[in-house]
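# Topology and contacts: notes
Listed below are the residues making up each chain.
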Amino acid sequence: MQRVLVTGANGQIGSELVAALRERAGVEHVVGADLRPPPGAPAGNGSATASGPHEVLDVRDRAALERAMREHHVDTVFHLASLLSASGEEAPDRAWDVNTNGLKHVLDLARACGENEGRRDGADHSVRVFWPSSIAAFGPATGTPAPQQAVLDPQTMYGVTKVSGEFLCRYYHQKYGVDVRGLRYPGLVSHAAPPGGGTTDYAVEMCRAAAEERSYTCFLEPATRLPMMYMPDALRATLDLMDAPAEALTARTSYNVGALSFTAAELAEALAARAPGGFDCRYEPDPERQQIADSWPATVDDQPARDDWGWQPQYDLGALADDMIGHLQAGFKSKVEG
Ligand SMILES: NC(=O)c1ccc[n+]([C@@H]2O[C@H](COP(=O)([O-])OP(=O)(O)OC[C@H]3O[C@@H](n4cnc5c(N)ncnc54)[C@H](O)[C@@H]3O)[C@@H](O)[C@H]2O)c1
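### Section: the overall build of the protein chain
Within the protein chain, the secondary structure is distributed over 11 helices and 15 strands. Here the C-alpha atoms of the protein chain give a radius of gyration of 20 Å, agreeing with the 20 Å that 2.2 N^0.38 yields for 338 residues. Oriented by its inertia axes, the alpha-carbon framework of the protein chain measures out at about 65 × 50 × 40 Å. Across the 338 residues in the protein chain, those meeting the buried criterion constitute 47%.

Here is the structure:
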């Protein structure tokens, strides 16, 4: 039976990935880890919270990570703990430390656990790793659509950590045989947990404002077009990649995965068509985040992901807007009424 550790478990992706993995593998087989207990859980370390096992740890602390992996007999790590693009620019030293050293600890432990376990009984107990890269690995020299074998040209410390992370993953695979797999996620849109300081956070904020019948001031220009994806597609891509046979995989840096490519104005229009009273969206671009967005490609070429492990997105912009508005309006109504 699989025993899984998800770092960054309280985040936008982690909170939904933990739930999806627990549905597949059983609650006790999926351990969350983050700097804090999950929202709503009592403080403390190693607590089996109401929702399932969770470790309070910092991924920069290798010993704490090792303890969690050994105590829970972990054979798969989804390593999501990270600072994102906008928060990384506010704290570049911390972004380097968390993103790069955290990943190196996970890869070293995956390698060490595999070697130690393998020596004991000769069986293959190597620890598998999922680690997400990002479209932030691209930059002005990359071009649109960004190819799989792209010129990586990051303009942020976050992007620098993604590029170095991609090559670190490939190195550990080639040199030590660690089964590490990755995706270059586009900007993710979801209604469950709030986004954590990225340049595409505007999309979630815009959906929330439209559902709550509020106006919204967008921090990007209306014509800014970026690769985006709805969370159910991102979760499916993650799980499908990890389910794929190792011999089918041709990319050990990270796979491009495309889904949507919309401008801020196109999202606002889709939301206005679904909000009963219309939707008032204004634009006051924030120079720093606009500059980051302008450095990224508008679309990606994801043919290798389609060929190697059958990647196929399911949500277009209309389906995303319908689902987001439906969930956010229901949540807003129950908050107002309760
Ligand atoms: N959300 C997106 O649009 C997006 C796009 C591309 C790539 N990604 C990547 O996916 C991964 C998860 O992103 P997310 O959107 O869920 O991020 P998030 O900011 O919502 O969550 C990150 C989590 O990591 C935790 N964390 C931060 N520092 C830590 C540390 N030192 N030790 C332990 N935990 C720590 C935070 O508390 C937080 O809960 C990241 O690697 C990110 O770069 C996300």
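### Focus on the sheet that holds strand β7 (residues 133-134)
Read across the open sheet, the 3 strands follow the order β7-β9-β13; overall the sheet is parallel. Strands at the two margins of the open sheet, each flanked by one partner only, are β7 and β13 (255-256). Where strand β9 (residues 183-185) lies against β13, 2 bridges are found, and the strand directions are parallel. Bridge pairing in β13 links Leu-183 to Tyr-255.

### Examining the site of the ligand
Taken together, 27 residues surround the ligand, and among them Gly-8, Gly-11, Ala-81, Ser-82 and Gly-196 come closest. The biggest single contributor to the shell around the ligand is helix α1 (residues 12-25), with 3 residues. Per-class residue counts for the shell around the ligand are 11 nonpolar, 13 polar and 3 charged.

### Describing the sheet that holds strand β10 (residues 187-189)
Read from one edge to the other, the open sheet built from 3 strands follows the order β10-β12-β14, with strand pairing classed as mixed. Taken across any chain shown, the strands that pair with only one partner, and hence form the sheet edges, are β10 and β14 (260-263). Within this sheet the neighbouring strands show an average axis-to-axis angle of 50°, counted without direction.

### Some words on helix α11 (residues 317-337)
Relative to the 30 Å expected for 21 residues at 1.5 Å per residue, α11 spans 30 Å between its end C-alpha atoms, a close match to the ideal helical length. Buried within α11 are the following residues: Leu-320, Ala-321, Met-324 and Ile-325. Relative to the axis of α11, the buried residues are bounded by an arc of 115° and lie together on one face. In α11, the exposed residues that point more than 90 degrees away from the buried face are Ala-330, Lys-333, Ser-334 and Glu-337.

### Points about the confidence of the model for the protein chain
Counting all residues, the mean pLDDT for the protein chain is 93, and 93% of those residues have values of 70 or more. Within the model, pLDDT remains below 50 along residues 118-123, and this stretch shows 4 contacts once partners closer than five positions in the same chain are excluded.

### What to know about the packing of helix α6 (residues 201-211) against α11
Interhelical geometry of α6 versus α11 gives an angle of 55° and a closest axis separation of 9 Å. As the angle between them shows, α6 and α11 are arranged oblique. In this structure, the crossing between α6 and α11 has a hand that is right-handed. Contacts between α6 and α11 involve Cys-207, Arg-208, Ala-210 and Ala-211 from the first element and Met-324, Ile-325, Leu-328, Gln-329 and Phe-332 from the second. Here the contact of α6 with α11 is built from residues that sort into 7 nonpolar, 1 polar and 1 charged.

### Notes on α6
Buried residues dominate α6, accounting for 9 of its 11 residues. The first or second residue beyond α6 is Glu-213, which carries a positive phi of 55°.

### Side note on the environment of Arg-128
Mapped onto the elements of the fold, Arg-128 is located in strand β6 (residues 128-130). Given 19 C-beta atoms within 10 Å, Arg-128 falls into the partly exposed group. Linking Arg-128 and Leu-107, residues 21 residues apart in sequence, is a C-alpha distance of 9.2 Å.

### Notes on the pairing of strand β4 (residues 52-56)
β4 sits mainly inside the fold: 4 of its 5 residues count as buried. Bridge count between strand β2 (residues 30-34) and β4: 3 bridges; the pairing is parallel. Residue pairing in the sheet places Ala-33 in a bridge with Glu-55 of β4.

### Some thoughts on the environment of Pro-245
For Pro-245, the location among the structural elements is in the loop between α7 (231-243) and β13. C-alpha separation for the pair Pro-245 and Asp-308, spaced 63 residues apart in sequence, amounts to 9.5 Å.

### Description of the pairing of β14
Because side chains alternate across β14, one face comprises the buried residues Leu-260 and Phe-262, and the other comprises Ser-261 and Thr-263, none of which is buried. Relative to β14, strand β12 (residues 225-230) is paired through 4 bridges, and the arrangement is antiparallel. Bridge assignment links Pro-227 to a residue of β14, and that residue is Ser-261.

### Structural notes on unusual backbone geometry
Backbone torsion omega between Thr-144 and Pro-145 reads -5°, so that peptide bond is classified as cis. Of note, the phi angle at His-73 is positive, near 50°, even though the residue is not glycine. Summarising the element assignment, His-73 is placed in the loop between α2 (62-71) and β5 (76-79). His-73 gets classed as partly exposed once you count the C-beta atoms within 10 Å, which come to 13. Even without being a glycine, Glu-213 presents a positive backbone phi close to 55°. Along the chain, Glu-213 falls in the loop between α6 and β11 (216-218). Overall, Glu-213 belongs to the partly exposed group, with 14 C-beta atoms counted inside 10 Å.

Each value, and the rule that gives it
- Residues numbered from 1 in each chain as written.
- Predicted model: local features only at pLDDT ≥ 70, side-chain atom pairs only at ≥ 80, totals over all residues.
- Helix = DSSP H or I, 4+ residues; strand = E, 2+ residues; numbered from the N terminus.
- Rg over C-alpha atoms; globule rule 2.2 N^0.38 Å.
- Buried ≥ 20, exposed ≤ 12 C-beta atoms within 10 Å, placed from the backbone.
- Pairing = 2+ DSSP bridges.
- Near = placed C-beta within 6 Å.
- Nonpolar A, V, L, I, M, F, W, Y, C, P; charged D, E, K, R; others polar.
- Axes fitted to C-alpha atoms, helices over the stretch in contact; angles between N-to-C directions.
- Expected span 1.5 Å × (residues − 1).
- Arc of directions from axis to C-beta.
- pLDDT = per-residue confidence, 0-100.
- Contact = placed C-beta atoms within 7 Å.
- Parallel < 35°, antiparallel > 145°, perpendicular 65-115°, else oblique.
- Left-handed = near helix turned anticlockwise from the far one by under 90°.

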